[in-house]
Structure formats: structure tokens, C-alpha cells
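# Report on the structure
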Amino acid sequence: MADYVSNPDESKEYWGRYKYIYVLVVTTFLVFSLRLWYLQIISGSELRDFSEKNRIKQVKIPAPRGLLLDRHGKSLVQNLPGFEAILTPQYIVNLDEMAVRLAPILGMEPDKIVTRVQRSRRVNGPFATIRLKENLTREEVFRLKRINLDTPGLEIRETIIRHYPLKQNGAQLFGYVSEISKKQLPLLNELYKGVLKFEQGDIIGKSGLEENLEREVRGQDGVSFIQVDAHGRETSLRNPNIIGDKITDQDASHGNNAVLTIDRDIQEAAHKSFTDLKRIGAVVAMKSNGEILAWLSEPSFDPNEFATAISSQTWSTLINDPFKPLRNKVIQDHHSPGSTFKPLVALAALEEKKITDTQMVYAPGVFYFGRRPYHDHQRGGQGYVNVYDAIERSSNVFFYQMGIKLGIEKMHDYISILGVGQKTGIELAREVPGIMPNSAWKKQNRGEEWQEGENLSTAIGQGFVNTTLMQMVIAYNTIGLSGKVVRPYVIQKILDQEGKVLKENFPQVLRDVTQVQPNGVKISDRTFAVVREGMRRVANGDRGTARFWKIPGVEMAGKTGTSQVMNFSADQIYSNCMSKPIHMRHHGWYVAFAPAINPEITVGVLAEHSCHGNTGAAPIVRDVIQAYFQKYHPEVIEEGLKAMKTKKAKAPVPEPVPLLDGE
Amino acid sequence: MDLSISLEEKTLVRRLDWNIILVILALNVIGLINLYSATHGPNSKEVESLFINQIVWLISGWSIFFISTLLDYAIVSRICYIIYFFNLLAILYVDFFGKIALGAQRWIDFGFFRYQPSETMKLALIMLMAKVLSQRNSMGQGMGIRELIAPLILVLIPFALIMKQPDLGTAMMIIAISGSMILFTKVKKHIIVGAIVLISISLPIAWEYILHDYQKNRVLTFLSPENDPRKTGYNALQSRYAVGSGQFFGKGFRKGTQSQLEFLPERHTDFIYSVLSEEHGFVGSITTIGLFCILFFLVLRIAYQARDKFGALIAVGVLSYIFWHMFVNVGMVIGLLPIVGVPLPLLSYGGSSMLTTMLGLGLISSVSFRRYLF
């Protein structure tokens, strides 16, 4: 200390200057205090809200959709628990690195993950979540959970997966669900204004009953409030370190269940029969009161694939398939009914007294109208036939003559009241009405006068007339019930979660055509009885076109038909249909009800490109009706079997052969 | 002999400025409590060990404090050129071989300790400026250009080297600290006017040619953080939410969601005050800057009572060191100043800052310790 020469007074020089420092320090303290006052006291609650918004994330709890059950409570569409991997682009730290880690676990290409995230970030913004993969396996969930903490932006979420136990069977009827598209969002919110509210990422019904029942089965989504850190990772609110009055979650409320009129057993029997024969086309089975028992369309698709993000490859296969797997062919396609139309023409002819049930008509192999030849399906013709024979053997020439005698207006009036050319009124969307032409229709749609010759083609179900399978089933059912036109329906009841019935549909007779209809025509009981007998012979008579497909103990009544896919010259009509390329082959129809007297069930099959109504469609109709009787009236079948045993000794059962039924 | 020793011990204890020690201890305790919270979030295992490190730095800091208290600060006036020279070498080394972090070269890595020479340069400069300035302005008329040349050169060399790293925050600190000391020593009025003119001309030029884009962004963001809340404005905005959401009493120890859930960036270093404000509210925030004010008043009293100009200037220098750090750091955290990477002395995590601060305070204590010796 001694070697430092200090001058005790020299520091006094500075004494006057300390006040500046005091002023600076005090001013700073005051300014900072004021600023803190402003931030913490004046803006405090507002900024507290901002900080809360930072950490509280609203997560939607999707409501489980209601189940679809069959008439006996068996499940047709159900829900399964599952997991999905979700990405939030905003929280991703290193996209490339993350993609490389995730790709092998999820079995995806790292590049594809990167592109998806980048595209979503660009299109939907950084906070919109991306469903990377749905329906994760246990193994995937386990492996993802291990890397979850080191992978900001990744989330493994519990979900409900819509499950369709019947898979392809009836897929067009039940429909499918998938994520709402950007285009649909505003449209649906407009459509369901005040009832349902849709948001991006919602799963909605896209077709069939899933779409139709959206309002009923959707339920109410819940909200869960979770705490996240700055990297989007969920941080438990139970962590004692963190404050937070946990905001009460709002539970999701389950959608209502729908009980359908479908009978799962019959649905499955129909599908087995149809697919065993490798048919394409459609099947519908309806109880005589209008309850749909089975409904399918083939080829089909697996709606389970849609529920778990369908691949674009599968999708393009589906929409480019020439046989239209997405189309509900029961109501969304119409075709020439071919010979299945003949019983309807017969009703008109009998009712208009153009023929009586005993009157014989000469039906040669070729019928000339003007100069033009109209062919029967059999070169030699049928000879003299009455109306029963004409229906049983499907005589073209007989019906040509009926067509001429009736004229298009009469045919139109009688056949319209059976429902042909109108929507049947079933609950499903996109039903086509079909066409039942008359001269006014032709003028309006084709701009031409009706030609006399067109009466002939109309009378055998070709030409302009087009019907859906559902319409033919309704028309035949009307014949079976002697005039009662029913409304088909597939939704029986809507039940809430407690099982309370919210809505119920009952059988409905739209009109009884034995009474005079607004267009001035009616069809009498007697007329129906004659035509029914003709149809009974189709299935049971010695020359009936569908006689090879019988059910022990139950008599069916029906009519086969062939819908020409293309117009062929006479040579081609007689040539072997099966030798043509499949897309050029005719469609086969068979519609039948059973029992032939007081029927309980009507079944229609459209077997596209199967060439014949009998071999193509009739066995399936038989199988479906048999399944119905086996389930609901097994005693009838048993008795029939007993009776057959005694008969069998006398005559061997003939082998079925494809017939050129005039169709 | 016995008597003299006991007397000496008695005086030793008595001569210590216990007020300043208690205030520093209070700030240390606040700092540790707060640092514990900042490093023990639910997802921040990787920073938990920093709390123990800080305790080690604190113990080392207090050792340095007492050693420098007992040493006569006059020694400093003899070795300050050497300290300055070696510190310059260290900065030069960093400029060319240092660790790159956040786009700048700032550290020499010793394994257990990352030495940041620009941090110690602040103190080296305080010592050197105290020595140089104490010999100037003997007439009391204020320094003229000739007297200013030497101190200015001594400041500008480290300034330029630190700007090169680039570390704008530290460079500005060096200017602020030495500027304060020069102004305190008194400068002729026309030179001050001239300097102001010169600075207002050179600022736009510096903006255009010297500042890096990230530095410009920080200033622009400060002016309007809402413009880009997710990128450059993020820090400023999150800090404002943290401070404001603390309200009057705060959210409570380890209950600040902004810090615990990592919405606050750099929460154990530059934004430590946000953590404090969020968890302890207006009460805690005011208490802390109040303690700093008391510390400044105590240092001012020591400067006032210093036995010589050198001692007074050391006290004023260290005061301006702590003051400007607090000013810039808290100003930034509460949204009054742009985001600049400057630690808050005694509260922010960091060895260099802690040791430098404690050494500075130790020198002040030494000045205080020796005030009775003349």
C-alpha cells in the first residue's frame, strides 16, 4: 500500500458529477417501473390471455358415428378403435431428418412425406394437421411412441375407424366415409345449416346410407383442451409445476344408430350366390311390404379402404373400371328391361281387352310389320299361343302384336301406374327415374314423331324404354300383390344411444291400381291373376324359361329378360352371345316373387353381360328366395323336400341349359 | 501481538461494506431461484445441470470477490496494460479460431468452460480506462482532443475486433461503458457536440454497410414485432406475453407457462428477467430492479468516498458495466429496446458474465475496503 502515492483530495474533483449518475439510475428505474406497470397491470389480463392461447390447444374429439344394424340387430357398419399419426408442420424442426426417421416405421417413402408436408404447409398453412397414416398397427404405434418425444410435430392420436364387416358386399348401399374435401365443406355447411357444422378434416359419409344418414349418425364432436409446449408436444396438466385451471372438456356424443330393413343373412346369401357365379350387376330383395332385405351391386369396392385413406392408385382403379364399382346399380343405372317387360304389356293388353286369357294368337318365327321383319328368338316361331304360353315361353311375336294393338299411349298409361319411368322413392340419393316413353316424350326428347314400328320394340322391352332394377321389382311386386304399389325403404328405425326410437318408417302403399288412377286407367284383380299365372309357368311350366331353378315347397312366379347392349342384325341375335367380348354381351334379367300366390318377397337380379336372363340371373334369384324361406319358413322347404323325394324316383331332374328366351 | 491480530480481524470485518455484500447476495438468491425454475421445465432435462454449474460459478465468483477485496486495487493500475494486451490476443484468437455459435465467433472452448474474451475485455477496459482517465483532465476544464486520442484508440481496437465476430451487443456495451467513464471524467462541450454530429452522420452509413441482416432485423422487429410474430418478432412478442401475463403477483415459482413450456427463447440467459416477471409478477420485477438501484447507490457512495481518482473511476466503470447491462437487458425484455444478446448480471446463466461481474464488484469492494487507509 505504501508504494502507491495517493492524494486523498484528488477524488473530490468528481464529487459534483455523481448526481448525473443518480439521475440516470433513478430515471431508468422510474421508466422501467412504468413500463412494467403498463405491461403487467394495465395489459396484464390481455397478455395473460395470449399466453394461455399459446399453451392451450383445442383438440377435437370426433364423435363416434352411429352404427348401422340389420333388422335383427346384427351389425352392418360399426366402429373400431384405432390410432393415426398426425403431423403439424409448424412444430417440425427438421423435416428431412424427421421424414427419414418416420419413413421406415410407416412403410412410406421419405420424399413423399416431405412433399406432403410441404404441400400442406403451402396450401393449408403451417398449423393445419396432416393425417400421415391412419389405422396404425400396434407395432407402428409402439415404434412411433418411442421416437415421439424427440420428434416435435408428430402426434399419435386415438381415433375411431369406421368398419364395414361385410366389406364389398353392399358397399354401394352402405356407402363409405372419408375426409371432407375443401370443395364440399362450404356446400355441406350450407346444406346442413343450423343442424350440422363441418370443419376441415372431418370424416363424413360420402355415398350410400353413410351420406344419406349423415344427420342421424353423425353425433356431436367434443372438445378437449390440452396443454402443449412451444414445440407442440403435449405436456400433462397434472404436472404439478404448471398452473392451469383445467378447462373442462366437452365429451363427444355418439351418433344415433340406424336399424335397417336389411337382413344380413339374406344379404350374405345373395352376395355369395352372385359372386360364386362371378356376376356383375345388381341384386335387390324386397319384402312385399317394401322393406328391402338385401341389396348389392357388383363389382364392388371395400369401404374399409376409404375409411383409412385410400391410395390414389386404388381410387383410380375404381373410377376407371369399365364395370363401375362405385355405381349403385340397383337404382343408379337403367337398362332396357327386355322380356321382363312383357308381363306389364300383358296387363295392359288384357285390361284393354285386346286379348282374352283364352284367345290364341299365331306367333311365327318372323313377323313383318310394313316391310320390316321382326324376329322371334326361335327361328321356327312358337305356333299358336295364348297369353299364358306367350309369357311362359317369352314369345316376341305375340307381344309385337299386342304392341300394335295397344299403341304406345295405352302401354304408357298402364305401365306408368306400376311405377316404371318414375323414381321409386327409396331414401337413397341419385336414383334415376328410368324412361317410360310415349309420343309426347319422344317429341320432347327426340324431336320426332312416334313411329308405329316402335310399338313393337317397346312391347318386348327394347327401344326407348329403360328401367332400373328397383322399378322392375316394384312393378312385379305390384303384380304379386294384385295392384298395391309399395314404397321401398331400407331405413327402419333411428335409435338413440339409450335405444329410444327417434324415427321409424312403416310400410307404405303408394297406390292401389285396382282403383282408377288419375290418368284414368286401372288394372283389375282378374288381370293380375292371369299374368301371375303366366309368370308362375315361367318358373314352373314345362317350357318355362326359368323352370330349372326351383325351390322345394315354394312356387316362384317371375320373368326372365335380356337387355340388348347393342343392336344386332338377325344373324348376330342368333349367334352365340357367349362368344362375344364381355362388354358386348347382353344383360340378363330375372325378377320373381314367391310364393306365386300371396307373395312375401320379390327379388330382382340384373346380371350384366351374362347373355341370358335364365342362366345368368335366375339361379341367384332362386338362391335368395330360398335363403329367405329357409330362414323364415323352414317348414315349407322341409315339406317340399319330402315331396320331392317321392317324386325323384319317377323323373330325374333335368340339367339346366341356357335358353334363348326371347328377351 | 494477540491484541493487534484481533484488532486487525475486527477491523477487517468492520471495514467490509456489508450493505453491498447483502444486496449482491439478495440478487444471487433471486437469480438462483429463478434459474432453477428456468432450467427445470417439464421437457428441459438437457439444461437442468446448468443450475449446478451456476452454483459453481457463484462460489468461484465470491472467492474472486473476496480475493480482490483483500488485494489493493492499486496493483491493478500496474498490471492493467498487461491484462488488456492478453485479452486483446484472446479476442484476436477467437476472431480467427473461435467456436461459432449463433452465427458469430465468441468463445474459446476449454472443455469445462467456454471462455468469452469479449466479456472480460469489458472489465480489462474499465481498469485501463480508469488508469488512463485518472491521469487526465487535471485542469478540470474537460478533456480536449489531444487528451482523448489515447483512450479512444484503446477503446476502438477491441470494439472493432468484437464487431468483427460479430457481436454487436458486446461491442455496444464496450462503447457505452467507456463512453460513460469518459463523459464522467468530463469532456469539452464542443467535442461532445461534434461527437453527436459525427454519430448522427455515421449511423445511416453503419446501417447500410456494417450491420448484418440479422442485426437490422432485430431493430426493425423491435419497431413492430407484430409484423412477423412467428420468426423475427417471436422473441420480443413471447417475452412481452411472459412479462405481461405475470400480472401483479406472478404465476408462481415454476408455474410460468411461457417459460416452463419453452415459449420463451433463451430463458436461462438473455430472457431470464422474463421468467422472473412471469412467475413473480410486478412485485418480483420491481423488487429486482429496485435491488439493482440500491446496488448502484451503494457503489456510488463507495466511489464518492474513494481515496483516489483511480478508485473512483473503477467504481464508476463497474457501475456503468452493471448498469448498462441491466438497462439493455431489462429494456429488451420489457419491449423498450431491440433484442440484443446481452446477459443480465448476477441473474443470467453464464460463467464469463458471473466471474466478470463478481471481479468488478470485488474491485469496488476493494476500493471501499481501502477508503479508511489514508
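Everything that follows concerns the structure shown earlier in this document.
As a starting point, this report considers the structure included with it. (Residues numbered from 1 in each chain as written. Chains lettered and ligands numbered in written order. Predicted model: local features only at pLDDT ≥ 70, side-chain atom pairs only at ≥ 80, totals over all residues. Heavy atoms only, no water.)

## Focus: unusual backbone geometry
In the segment running from A:Glu298 into A:Pro299, the intervening peptide bond is cis, with an omega of -5°. Here A:Pro299 is to be found in the loop between β11 (292-298) and α11 (303-307). With an omega of -10°, the peptide bond between A:Ala594 and A:Pro595 qualifies as cis. With respect to the helices, strands and loops of the structure, A:Pro595 is situated in the loop between β21 (587-594) and β22 (601-608). You will see that A:Arg430, though not glycine, has its phi angle at about 65°, which is positive. Mapping A:Arg430 onto the fold places it in the loop between α15 (396-416) and α16 (439-446). Located in the positive-phi region is B:Leu346, a residue other than glycine, with phi close to 75°. As for its placement among the helices and strands, B:Leu346 is situated in the loop between α13 (309-333) and α14 (351-369). A relative accessible area of 2% places B:Leu346 in the buried class. (Helix = DSSP H or I, 4+ residues; strand = E, 2+ residues; numbered from the N terminus. Buried < 20%, exposed > 50% of the residue type's maximum accessible area, 1.4 Å probe, protein only.)

## Observations regarding the interface of chain B and chain A
Chain B puts 69 residues into the contact, and the matching count from chain A is 52 residues. Summed over the three residues of chain B that lose the most area to chain A, namely B:Phe184, B:Tyr304 and B:Lys309, the buried surface amounts to 12% of that side. Taken together, the connections running from chain B to chain A amount to 14 residue pairs in polar contact (both at pLDDT 80 or more). Broken down by element, the residue count for the side of chain B that touches chain A peaks at 14 residues, all from helix α12 (residues 272-305) of chain B. Class assignment for the residues of the side of chain B that touches chain A results in 35 nonpolar, 21 polar and 13 charged. (Contact = heavy atoms within 4.5 Å. Buried area = accessible area lost by both parts, 1.4 Å probe. Polar contact = N/O pair within 3.5 Å; in protein donor to acceptor, adjacent residues only side chain to side chain. Nonpolar A, V, L, I, M, F, W, Y, C, P; charged D, E, K, R; others polar.)

## So, the packing of α13(B) against α14(B)
Residues and elements named next belong to chain B. Interhelical geometry of α13 versus α14 gives an angle of 150° and a closest axis separation of 9 Å. Overall, the two elements α13 and α14 adopt an arrangement that is roughly antiparallel. Of the two elements, α13 crosses α14, and the hand of that crossing is left-handed. Each of Gly311, Ile314, Ala315, Val318, Tyr321 and Ile322 in α13 lies in contact with α14, whose residues at this interface are Ser353, Thr356, Thr357, Gly360, Leu361, Leu363, Ile364 and Val367. Looking at the contact of α13 with α14 residue by residue, the class counts come to nine nonpolar, five polar and no charged. (Axes fitted to C-alpha atoms, helices over the stretch in contact; angles between N-to-C directions. Parallel < 35°, antiparallel > 145°, perpendicular 65-115°, else oblique. Left-handed = near helix turned anticlockwise from the far one by under 90°.)

Remember that the coordinates give geometry; whether it matters functionally is a separate question.
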